[in-house]
Amino acid sequence: MVHWTAEEKQLITSVWGKVNVEECGAEALARLLIVYPWTQRFFDNFGNLSSPTAIIGNPKVRAHGKKVLTSFGDAVKNLENLKATFSKLSELHCEKLHVDPENFRLLGDILIIVLAAHFTKDFTPACQATWQKLVGVVAHALAYKYH
Amino acid sequence: MLTADDKKMIQQTWDKVSGHAEAVGEEALWRLFITYPQTKTYFPHFDLTRGSEQVRTHGKKVVNALTNAVKNMDNLSQALSELSNLHAYNLRVDPVNFKLLSQCFQVVLAVHLGKDYNPEVHAAFDKFLSAVAAVLAEKYR
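Residues numbered from 1 in each chain as written. Chains lettered and ligands numbered in written order. Predicted model: local features only at pLDDT ≥ 70, side-chain atom pairs only at ≥ 80, totals over all residues. Heavy atoms only, no water.

Draft legend 1. Region of interest: the overall build of chain A. Secondary structure assignment for chain A yields eight helices and zero strands. Relative to its length of 147 residues, chain A is compact, with a C-alpha radius of gyration of 15 Å against a globular reference of 15 Å. Reported as C-alpha extents along the three principal axes, the dimensions of chain A are approximately 45 × 40 × 20 Å. By the burial criterion, 49% of the 147 residues in chain A qualify as buried. Long-range contacts, defined here as pairs at least 24 residues apart, represent 73% of the contacts in chain A between residues at least 6 apart. Within the structure as shown, chain A displays about 7,400 Å² of accessible surface, and the carbon and sulfur contribution to it stands at 57%. (Helix = DSSP H or I, 4+ residues; strand = E, 2+ residues; numbered from the N terminus. Rg over C-alpha atoms; globule rule 2.2 N^0.38 Å. Buried < 20%, exposed > 50% of the residue type's maximum accessible area, 1.4 Å probe, protein only. Contact = heavy atoms within 4.5 Å. Areas by Shrake-Rupley, 256 points an atom, 1.4 Å probe, with all protein chains shown as cover.)

Draft legend 2. Fine view of the overall build of chain B. Per the secondary structure count, chain B includes seven helices and zero strands. Scaling as 2.2 N^0.38, a compact globule of 141 residues should have a C-alpha radius of gyration of about 14 Å, and chain B matches this with 14 Å. If you line up chain B on its principal axes, its C-alpha atoms span 40 × 35 × 20 Å. The buried share of chain B, reckoned over its 141 residues, is 49%. Counting only contacts in chain B whose residues sit at least 6 apart along the sequence, the fraction spanning at least 24 positions is 75%. For chain B, the computed accessible surface area is about 7,100 Å², with 54% contributed by carbon and sulfur atoms. The positive charge centre, built from 16 side chains, and the negative charge centre, built from 15, are 2 Å apart in chain B. (Lys, Arg positive; Asp, Glu negative; His and termini not counted. Charge placed at Lys NZ, Arg CZ, Asp CG, Glu CD.)

Draft legend 3. Structural context of the side chain of Arg31 of chain B. Mapped onto the elements, Arg31 of chain B comes out in helix H2 (residues 21–35). There is a polar contact of 3.4 Å between the side chain of Arg31 of chain B and the backbone oxygen of Thr124 of chain A. (Polar contact = N/O pair within 3.5 Å; in protein donor to acceptor, adjacent residues only side chain to side chain.)

Draft legend 4. Quick look at the UniProt feature "domain: Globin" (unreviewed entry) in chain B. Within this structure's numbering, the places UniProt gives as "domain: Globin" (unreviewed entry) are residues 1–141 of chain B. Across residues 1–141 of chain B one finds 71% helix and 0% strand; the C-alpha atoms that close the span lie 23 Å apart. (UniProt positions renumbered as here; feature names shortened; annotations may be inferred.)

Draft legend 5. Highlighting the confidence of the model for chain B. On average, residues of chain B carry a pLDDT of 95, and 100% of them reach 70 or more. This complex was scored by the predictor with a pTM of 0.93 and an ipTM of 0.89. (pLDDT = per-residue confidence, 0-100.)

Draft legend 6. Quick peek at unusual backbone geometry. Even without being glycine, His98 of chain A reaches a positive phi, approximately 55°. By the secondary structure assignment, His98 of chain A is in the loop between helix H6 (87–96) and helix H7 (102–119). Taking the relative accessible area as the measure of exposure, His98 of chain A reaches 54% and is therefore exposed. You will see that Arg92 of chain B, though not glycine, has its phi angle at about 45°, which is positive. Counting through the fold element by element, Arg92 of chain B comes out in the loop between helix H5 (81–91) and helix H6 (96–113).

Draft legend 7. The arrangement of the pattern of salt bridges in detail. Using the criterion set out here, one finds 15 salt bridges over all chains in the structure. A salt bridge links Lys66 of chain A to Glu22 of chain A, with the nearest nitrogen and oxygen atoms 3.8 Å apart. Placement of the pair is Lys66 of chain A in helix H4 (residues 59–77) and Glu22 of chain A in helix H2 (residues 21–35), with a sequence separation of 44 residues. You can call Glu22 of chain A partly exposed: its relative accessible area is 37%. Note that Asp74 of chain B is salt-bridged to Lys7 of chain B, the shortest N-O span being 2.3 Å. On the criterion of sequence distance, the pair formed by Asp74 of chain B in the loop between helix H3 (53–71) and helix H4 (76–79) and Lys7 of chain B in helix H1 (residues 4–17) is long-range, its members being 67 residues apart. Note on Asp74 of chain B: relative accessible area 68%, which makes it exposed. Here the salt bridges do not stand alone but share partners, grouping Glu22, Glu53 and Arg56 of chain B into one network. (Salt bridge = Lys/Arg side-chain N within 4 Å of Asp/Glu carboxyl O.)

Draft legend 8. Examining the interface of chain A and chain B more closely. Contact residues are listed per partner, giving 22 residues for chain A and 22 residues for chain B. Of the roughly 1,800 Å² buried where chain A meets chain B, counting both sides, 63% is carbon and sulfur surface. Lys99 of chain B is paired through a salt bridge with Asp109 of chain A; the nearest N and O atoms lie 3.7 Å apart. Taken together, chain A and chain B are joined by nine residue pairs in polar contact (both at pLDDT 80 or more). Sorting the residues of the side of chain A that touches chain B by element identifies H2, helix H3 (52–57), H7 and helix H8 (125–143) of chain A as the ones contributing at least two each. Broken down by element, the side of chain A that touches chain B gets its largest block of residues, six residues, from H7 of chain A. (Buried area = accessible area lost by both parts, 1.4 Å probe.)

Below is the structure:
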């Protein structure tokens, strides 16, 4: 069980409250595919991923990014119960999608940078520390049912 | 591998921050220590409170070394040879920490540059900092 201080919970909900899930999700996924191009291996059916411009403009990338970040929102609502919240998704990523859990950590780090670029100085060190902790525990929960 | 475009983006981006070496370095280190507290184990001899003179000086030193790396992207091994020796034989910082510091530097850049830290600049910088980390770890064994 992860312990969250009152300050951490506040930093999580206040940042999340200002996030545009569609934009931020699209950006995070696009950056993952651009910064770590080997992650494109999971998206053969997404069409044109041949350049950063193509990736950023790709409607499937945008849609999937939104889906992923919407799901991340479940973490924010269930901080005390992350393993249960992501149990089914964890099984899916292992058994059907065959995604190496390292990718969850990569996406988590990318999300932090997207938030930093968006919130600039409001993304304080305390904010970063809390959010890195959050993406870390979400990655752990998503990897939990792997076998 | 760093393309010509990557190098140009890295140079332009770094030019915007290298004038604030002390502030950027201090912020990156501070973020490192509070986000990844285990990294403090390498600094038992430092005052690690916010605003510490030692952290400011050390941050500036790290940023100046990166500035040197930016000037020598075509020859990182040679340019960072001394630092590579230092990290291998004296400091022996576990290389996982280079990734953590890279993340913190990139967050500082993103905070200061906002949307100018766009996906292509982000990719170029991530590659550059990985290359620096690889050189620093190259003589470890």
